[in-house]
Amino acid sequence: MDFESFHRSLTKLDRVLITIIVMVGFFMAILDTTIVDIVVPKMMGPLSTDLYGVQWVITSYMMAAATGLLFTENFARYIGYPYTFITGLGIFTLSSLFCGTAQNLPQMIFFRVLQGIGEAFIAASAQTILIASYPPEKRGLAMGIFGLGVSFAPALGPTLGGFITEHLSWRWVFFVNIPVGIINFVAALLFLPKELGKSKVFQFNLLSYLFIASGTVSLLVMLSKGQQLGWFQSDLILRLFFVSILSFILYFMSELLSKRPLLNLSIYKIPEFGFPMGMHFFTLGFGMYQIFYLLPLYYENLKGLTTFQAGLHILVFACFIGTFSVISGYLSDRFAPGRILFFSSLLFIFTSFYLIPQLNYYTPSWKASLLCIPLGISMGTFFAPLTAISLRKLGPLTGLGVVLMHYQRFVGGSFGTALATNHLEYYTNENFLRINELQNYVILKKFLQEKFYFAEKFFPAELAEKKVQALLYKAQYVQALSWGFQKTFKAVAFWGMLGFFFLLCLFILKARAFIRVLALLKRKKFFLKA
């Protein structure tokens, strides 16, 4: 069925049902990623592993989802986008059951790989189905609804993850997907039109796929394990970096020499797609995903809240993302989406540079939650206008555009998480050393003696001395960590500004085109008068 005319065959009821089915499946898949991040420490004992081993539960999922996306672009055109969605939903739901019953780490990693493949199928098809189901004048609203999955679901994850952690077993993170997945699977089989995008032509460049999959896996493992292994001080990280660079070079060479390339990368030559994707990669991946990663750490590690309490404070921020995602989608159909994106970018840069860096150890938790509201508004107004600009004119290439967008989300988000981890540790250590350098030895010695006399009343002399030293170390570390969070939050603004640069480039390009049209019209009028 033709992509542009598909929406004409749907009634209002059909459109509502398709929207609910597609959004439930996609929301479930995206939400699962951040919920699992929260409960990962609880898995170490039951899976008989340590903290570094259990990180593969996250890393394996990301690798499978990112590489799976590159396969689904061709696969979806062969069987159609609805069947791709149904296949992904079935794989995701079934693998959730097996993840919940996994008895050791190898089992969990294997089933998480399957779950990641399921998400790849869902992500590659859900957005395309949703865009095709709405007429062009309402696709901004469709992307606003879809933005609930991209921005609202990751922010909601800590709240639900915290609730499950405190009141249920960690296995329910996976079990909760099963009833929702089964109902949605049956509904998709009954109500999704099956012919959308089906061409029955499968053109797959295996060599290019192997190169780009190898590069992607090496890159994601490098970013996931870099902080643990000391980045480029580690031989493994150096090897992964070399393999990643070499694989991407071989991929581009293969694509240039092949008559049937894996991905039609000329899509980036379309200004309305290329420039917004640059903004998407840096602002969402490098910037916003740092915020998603840092906020739970701020509330738990610095403020000392429980996982569920941290989730409740983040819930306010998440609700504003969800609300303004739909509002911005509605407005994108009535005003130029570029204006909304311009406002969103400026607000994100302002909040990440000025408001969020105000969060420190002494900030009351309720005030920290309120300071995040403008940030939630900026994130909520980001995705809908950006996708409205980038996907509106792609036509048959919409499916490819969606795949590349989500691939960038995985890779950019991995970079953002790695940067946040590295910056937070670097700034914390730097501040800790600066505190030591600035201490007055005489005053410090007097402080330790006063506290020692007090502690000696409750502990033996040797233990009392160690307790006092530990108290001082803790106070210094908390202050250093507080400053570390502030500097790390402020560094996020740079990526917002870099993304904003791509938006300005698009505006300048359109302005030049507009000036050329005006010049041509003036020339025509001149010749007509002559």
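Remember, it's a predicted structure, so these values are computed and weren't measured experimentally. Note on numbering: residues in each chain are counted from 1, in written sequence order. Totals for whole chains, interfaces and linings use every residue, but because this is a predicted model, local features are given only for residues with pLDDT of at least 70 and side-chain atom pairs only at 80 or more, for both listing and counting. Hydrogen atoms and water are omitted, and side-chain values are computed over all heavy atoms in the structure.

> Sorry, what's going on with empty space enclosed by the protein here?
The method is simple in principle: a probe with the dimensions of a water molecule rolls over the atoms, and the space it marks as empty is what remains. In this analysis the probe radius is 1.4 Å and the grid spacing 1 Å, with only protein atoms considered; a cavity is a set of points the probe fits into but cannot get out of, a pocket is an open set with protein on both sides within 12 Å along at least five of seven lines, and lining residues have an atom within 4 Å of a point. Grid points are joined across faces, edges and corners, and a volume is the space filled by probe spheres set on the points. Using the criterion set out here, one finds two cavities of 30 Å³ or more in the structure. Within this model, the largest cavity holds a volume of roughly 50 Å³. For the purposes of this entry, the term helix denotes a DSSP run of H or I that reaches at least four residues, the term strand denotes a run of E that reaches at least two, and both are numbered from the N terminus. If you list the elements that add at least two residues to the lining of the largest cavity, you get helix 6 (139-167) and helix 16 (383-391). Tallied by class, residues from the lining of the largest cavity come to four nonpolar, two polar and two charged. Taken as a whole, the second largest cavity spans an internal volume of roughly 40 Å³. In terms of lining residues, the second largest cavity is bounded by Pro154, Ala155, Pro158, Ile291, Phe292, Leu295, Pro296, Ile314 and Phe317. Of all elements in the fold, only helix 6, helix 11 (271-302) and helix 12 (307-332) reach the threshold of two or more residues within the lining of the second largest cavity. For the lining of the second largest cavity, the leading source of residues is helix 11, giving four residues. Amino acid classes used here: Ala, Val, Leu, Ile, Met, Phe, Trp, Tyr, Cys and Pro are nonpolar; Asp, Glu, Lys and Arg are charged; the rest, including Gly, are polar. Of the residues that constitute the lining of the second largest cavity, the class distribution is nine nonpolar, no polar and no charged.

> Just to check I follow, could you spell out the side chain of Ser365 for this structure?
Position of Ser365 among the secondary structure elements: in helix 14 (residues 365-371). Not counting chain neighbours up to four residues away, the residues in contact with Ser365 comprise Tyr299, Lys303, Leu305 and His313. We call two residues contacting when some pair of their heavy atoms lies within 4.5 Å.

> Can you walk me through helix 16 in this structure?
Since the α-helix turns once every 3.6 residues, residues separated by three or four places project in the same direction. With respect to burial, helix 16 is a largely interior element, nine of its nine residues being buried. Each residue is assigned to one of three classes by its accessible area relative to the maximum for its type, calculated with a 1.4 Å probe on protein chains only: buried under 20%, partly exposed between the two thresholds, exposed over 50%. Among the residues of helix 16, Phe383, Ala384, Pro385, Leu386, Thr387, Ala388, Ile389, Ser390 and Leu391 are the ones counted as buried.

> I keep staring at the packing of helix 11 against helix 16 and nothing clicks. Help me out?
Close contact between helix 11 and helix 16 brings their axes to 7 Å; oriented N to C, the two are set at 150°. Taken together, the axes of helix 11 and helix 16 lie roughly antiparallel to each other. The residues of helix 16 that touch helix 11, namely those facing Glu272, Phe273, Pro276, Met277, Met279 and His280, are Leu386, Ile389, Ser390 and Leu391. Whenever a helix is involved, its axis is fitted only over the stretch in contact; in every case the axis is a line through C-alpha atoms, and angles between N-to-C directions fall within 0 to 180 degrees. The scheme is simple: roughly parallel for angles under 35 degrees, roughly antiparallel for over 145, roughly perpendicular for 65 to 115, oblique for anything else.

> Explain helix 5 (residues 105-133) to me, please; I cannot follow it from the model alone.
One less than the residue count of a helix, multiplied by 1.5 Å, gives the span that helix is expected to have. If you check helix 5, its first and last C-alpha atoms are 41 Å apart, about what 29 residues at 1.5 Å a residue would give, namely 42 Å. When you tally the buried positions in helix 5, you get 22 out of 29 residues, the bulk of the element. N or O atoms within 3.5 Å of each other form a polar contact, as long as, within protein, one can give a hydrogen and the other can take it, and as long as residues adjacent in sequence are counted only when both atoms are side-chain atoms. Where helix 5 begins, one side-chain oxygen reaches toward the backbone nitrogen of Gln107, 3.0 Å away; that side chain belongs to Asn104.

> When you look at the environment of Ala310 in this model, what are you seeing that I'm missing?
Following the sequence through the fold, Ala310 ends up in helix 12. Using a relative accessible area of 1% as the deciding quantity, one classes Ala310 as buried. For the pair formed by Ala310 and Ser365, sequence separation is 55 residues and the distance between their alpha carbons is 9.1 Å. Contacts of Ala310, omitting those with residues within four sequence positions, involve Tyr299, Glu300 and Leu305.

> Explain the layout of surface pockets here, please?
Its volume calculated, the largest pocket comes out at about 1,700 Å³. Along the walls of the largest pocket sit 46 residues, with Asp37, Ile58, Tyr293, Thr417 and Thr421 positioned nearest its centre. Of all the elements, helix 17 (residues 398-438) adds the most residues to the lining of the largest pocket, at 10 residues. When the residues that make up the lining of the largest pocket are grouped by side-chain class, the tally is 24 nonpolar, 15 polar and seven charged.

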